[in-house]
Amino acid sequence: METPSTTSAPGSYNANEVAAATAAIEGYKKASGTEIVFYQKVSIGTGSQAGNPWLQELPDPVSKATWDNYALISMKKAEELGIKLDSDYEYYPGKPVIEITIGKNKVELPILVLPGMNADTMAIAVGYGRSEAMGVTAAGVGKNVYGFTGYNGSTVDSYVTGAAATNLNKKYKIAQTQIHNSYEDRTEVIRETTLATFKKDPNVIPEYRKELAEEYYNNSNGDFRNATLYPQHDQPGIKWGMSIDMNACFGCGACVVACTAENNVSVVGKREVLRYHDMNWLRIDRYFISDKENPDNLKGVVFQPMLCQHCDNAPCENVCPVAATNHSSEGLNQMAYNRCIGTRYCAQNCPFKVRRFNWSEYMKAGSFPDNQDQQVVGKLDNVVFQMNDDLTRMVLNPDVTVRARGVMEKCTFCIQKLQASKLDAKKENRMLKDGDAKTACQTACSADAIVFGNAHDKESQLMKVRNDNPQRGYYVLEQLHVLPNVTYLAKVRNTEEIIESGHSDSEAHKEESHKAESTLPSAPKTEEAQH
């Protein structure tokens, strides 16, 4: 048999196409003044999805804002407009409002400042400002900016030049689900580095994890997992786990919507999001990576999907007075809704802040505006009451219960799907295979960033991902020893920058601790202290 040739003829080069592209670029209108770029949000699109409350309440991947459109401006433009980027701007929902003028058209919009933007470019999302004909969800949400776009003879331009902006010295509340933009060197939560740094020192993460394990091992009579006051959970069969690759995740939010649809997660409206009463079981935390000296020098963005970590040593389970939250033999942190009395102790004790409390009857069929407790809950948006209609309630998943007011809820690893996969295998008289059980977020992820499976099955895709990536795999807040069942793979930015640390994170921690101790006043040496 003749061996096929592995060589191929080189491709031909055509300079005409390059010349045509260059001519097209040179033919663009020259910018004068500020340029406005009109874009489609991943949720609303052109506006065709403006009537979907799941998508209106989906946080934007970058701005983390819901229920509005706004003008995204640069830090330099904010300085020109006299907008102070202080703690008041960052932490309070009221954002400065500017008036944008293009020719005879004007529009007032709140602003959000993003690092790394071009100094004279603003960005505004289209698809907002719909009338009541679009439904109660879309009515009056945001401003319609389609009137600013122009027709060039063949298509609609998605940008316009010569815009002027004026600070109106008033504010408008934007409902954001995240207001801190940097992880502030908290590497216990976010692990990110550059490719050059990773090549230079690839074992930073495993060395840190090894030192943590040894520290617990030495303080727990030689048993790492039993370094706790509470007994270890027996898990003789399946143990469900998840791995999330932050290199692959680009923050689209498909997993968030899938989780909402699959698990009957409530839409609460803008007023509740403003009070941080949003109900999404799965959120995507976004962090900007910039120079400390120059925050506008944006080097990268990290997206971290955050859900219940299903800890084996879960701190939420220890404080529930009625055992509403408990641990299953399959490694799941469970919620018994009809047992919960709403103390919210579990949410207080959760270091990942992934538990959600039902402040109102968001989706009960018998809950109407007249029987809402407005004094305790406060005024709710009309969109909340959509789920009281028989037609709208047909969107609910019949396999998942609808939670009542006053109970805690959170990610369950789609336990209804896990049970269904086990029942299918039982009916077919076979063992459960890897890949039979999938969570909604895993199914929706177009980047395959989420892998789910049985951690006790050494041949499962989950364990292959974990075993093949020992230098990037880590657990969030691992030093707390809550023993999560969700692994993260660190983000590696493809740049040649070398991040100099000089030592591992654990060594840096020890050094800083030593410095801190050396600055404290010496305690008097009593006889008891000496012994």
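Residues numbered from 1 in each chain as written. Predicted model: local features only at pLDDT ≥ 70, side-chain atom pairs only at ≥ 80, totals over all residues. Heavy atoms only, no water.

> So what exactly am I meant to see when it comes to the overall build of the protein here?
Scanning the protein from terminus to terminus reveals 16 helices and 22 strands. Relative to its 531 residues, the protein shows a buried fraction of 46%. Entry remark: accessible area of the protein is about 28,200 Å², with carbon and sulfur atoms responsible for 51%. (Helix = DSSP H or I, 4+ residues; strand = E, 2+ residues; numbered from the N terminus. Buried < 20%, exposed > 50% of the residue type's maximum accessible area, 1.4 Å probe, protein only. Areas by Shrake-Rupley, 256 points an atom, 1.4 Å probe, with all protein chains shown as cover.)

> Looking at this structure, I do not really get helix α7 (residues 254-262). What am I missing?
Because an α-helix packs 3.6 residues into every turn, residues spaced three or four apart end up facing the same way. Along α7, seven of the nine residues are buried, which leaves the element largely enclosed by surrounding structure. Taken residue by residue, α7 has Cys-255, Val-256, Val-257, Ala-258, Cys-259, Thr-260 and Glu-262 as its buried positions. In this structure, the buried side of α7 is in contact with α2 (53-56), β13 (283-290), α12 (415-427), α13 (440-444) and β19 (450-454). Where α7 ends, the next residue or the one after it, Asn-264, has phi of about 55°, a positive value. (Contact = heavy atoms within 4.5 Å.)

> Mind showing me how you'd approach unusual backbone geometry here?
For residues other than glycine, phi is negative in most cases, and the peptide bonds are mostly trans. Non-glycine residue Asn-169 carries a positive phi angle of around 55°. As for its position among the elements, Asn-169 is in strand β9 (residues 159-173). We classify Asn-169 as exposed; its relative accessible area is 68%. A positive phi angle, near 55°, is found at Phe-413, a position not held by glycine. In this structure Phe-413 comes out as buried when scored by relative accessible area, which is 1%.

> Got a minute to help me understand the side chain of Ser-63 in this structure?
If you trace the backbone, Ser-63 turns up in the loop between α2 and β2 (65-66). The residues touching Ser-63, leaving out its near neighbours within four places in the chain, are Tyr-70, Leu-72, Leu-112, Gln-176 and Arg-286.

> Just checking my understanding: could you explain the sheet that holds strand β12 (residues 240-245) for this structure?
Pairing between the strands of a sheet is mediated by backbone hydrogen bonds and can be parallel or antiparallel. Here we have four strands laid out as an open sheet, ordered β19-β12-β21-β20, and mixed in their pairing. Edge positions in the sheet fall to β19 and β20 (473-474), since each of these pairs with one other strand and no more. Sheet topology places β12 next to β19; five bridges connect them, and they run antiparallel. Each bridged residue has a counterpart across the sheet, and for Trp-240 the counterpart in β19 is Asn-454. (Pairing = 2+ DSSP bridges.)

> How do you make sense of the environment of Val-383 when you look at a structure like this?
With respect to the helices and strands, Val-383 occurs in the loop between α11 (374-377) and β18 (408-409). Overall, Val-383 belongs to the buried group, its relative accessible area being 6%. The spatial distance from the C-alpha of Val-383 to the C-alpha of Tyr-362 is 9.7 Å, given a sequence separation of 21 residues. Residues within four places of Val-383 in sequence aside, it is in contact with Pro-53, Trp-67, Val-136, Thr-137, Val-267 and Gly-269.

> Sorry, what's going on with the sheet that holds strand β4 (residues 94-102) here?
Strands sit in the order β1-β6-β3-β5-β4-β9 around a closed barrel of six strands; the barrel is mixed. Across this sheet, the average inter-strand angle for adjacent strands is 45°, counted without regard to direction. In the sheet, strand β3 (residues 71-73) pairs with strand β6 (residues 121-125) via two bridges, with the strands oriented antiparallel. Pairing of Ala-71 across the sheet is with Ile-124, part of β6. (Axes fitted to C-alpha atoms, helices over the stretch in contact; angles between N-to-C directions.)

> Can you walk me through the nonpolar core in this structure?
Soluble globular proteins tend to bury their nonpolar side chains together. In terms of nonpolar packing, the biggest core is built from 80 residues, with Trp-240, Met-242, Leu-307, Phe-352, Phe-413, Val-476 and Tyr-488 touching the most fellow members. Secondary-structure elements contributing two or more residues to this core are β12, α7, β13, β14 (298-306), β19 and β21 (486-489). Apart from residues lying up to four places away in sequence, Phe-413 is in contact with Trp-240, Gly-241, Met-242, Leu-307, His-310, Leu-332, Leu-418, Thr-439, Phe-452 and Val-486. Formed by 31 residues, the second largest nonpolar core is a distinct cluster that contains Ile-98, Ile-102, Met-117 and Phe-148. (Core = buried A, V, L, I, M, F, W, Y, C linked by side-chain atoms within 4.5 Å.)

> Explain the pairing of β6 to me, please; I cannot follow it from the model alone.
Walk down a regular strand and you will see the side chains alternate between the two sheet faces. Burial analysis of β6 places five of its five residues in the buried class, which makes it a mostly covered element. Residues Thr-121, Ala-123 and Ala-125 line one face of β6 and the alternating positions Met-122 and Ile-124 line the opposite face, and both faces are buried. Two strands pair when backbone bridges link them, and strand β1 (residues 34-39) and β6 are joined in this way by five bridges, in the parallel orientation. Looking across to β6, one finds that Phe-38 is bridged to Ile-124.

> Please clarify how the packing of aromatic side chains should be interpreted in this entry.
On inspection of all chains with the given rule, the structure shows five aromatic pairs. Residues Trp-240 and Phe-452 carry aromatic rings whose centres are separated by 5.2 Å and whose planes lie at 10° to one another, so their mutual orientation is stacked. Remark: Phe-452 occurs in strand β19 and Trp-240 occurs in strand β12; sequence separation between them is 212 residues. In this pair, the class of Trp-240 matches that of Phe-452, namely buried. Over the ring of Phe-357 we find Arg-344; its NZ or CZ atom is 5.1 Å from the centre of that ring. (Phe/Tyr/Trp six-rings, centres within 6.5 Å; stacked < 30°, edge-to-face > 60°. Lys NZ or Arg CZ within 6 Å of the ring centre and 35° of its normal.)

> Looking at this model, I keep getting lost on helix α6 (residues 204-218). Mind explaining?
Counted at 1.5 Å a residue, the expected span for α6 with its 15 residues is 21 Å, and the 21 Å between its end C-alpha atoms agrees. When α6 is considered as a whole, its buried residues turn out to be Val-204, Ile-205, Tyr-208, Leu-212 and Tyr-216. Burial along α6 is one-sided: seen end-on, the buried residues are contained in an arc of 100°. Residues of α6 that are exposed and point more than 90 degrees away from the buried face comprise Lys-210 and Asn-218. (Expected span 1.5 Å × (residues − 1). Arc of directions from axis to C-beta.)

> Could you clarify how one ought to interpret the confidence of the model for the protein in this entry?
A residue-level look at the protein finds 86% of positions with pLDDT of 70 or above and a mean pLDDT of 83. Low confidence marks residues 502-531, where pLDDT is under 50. Its contacts with residues over four positions away, or in another chain, come to 13 contacts. (pLDDT = per-residue confidence, 0-100.)

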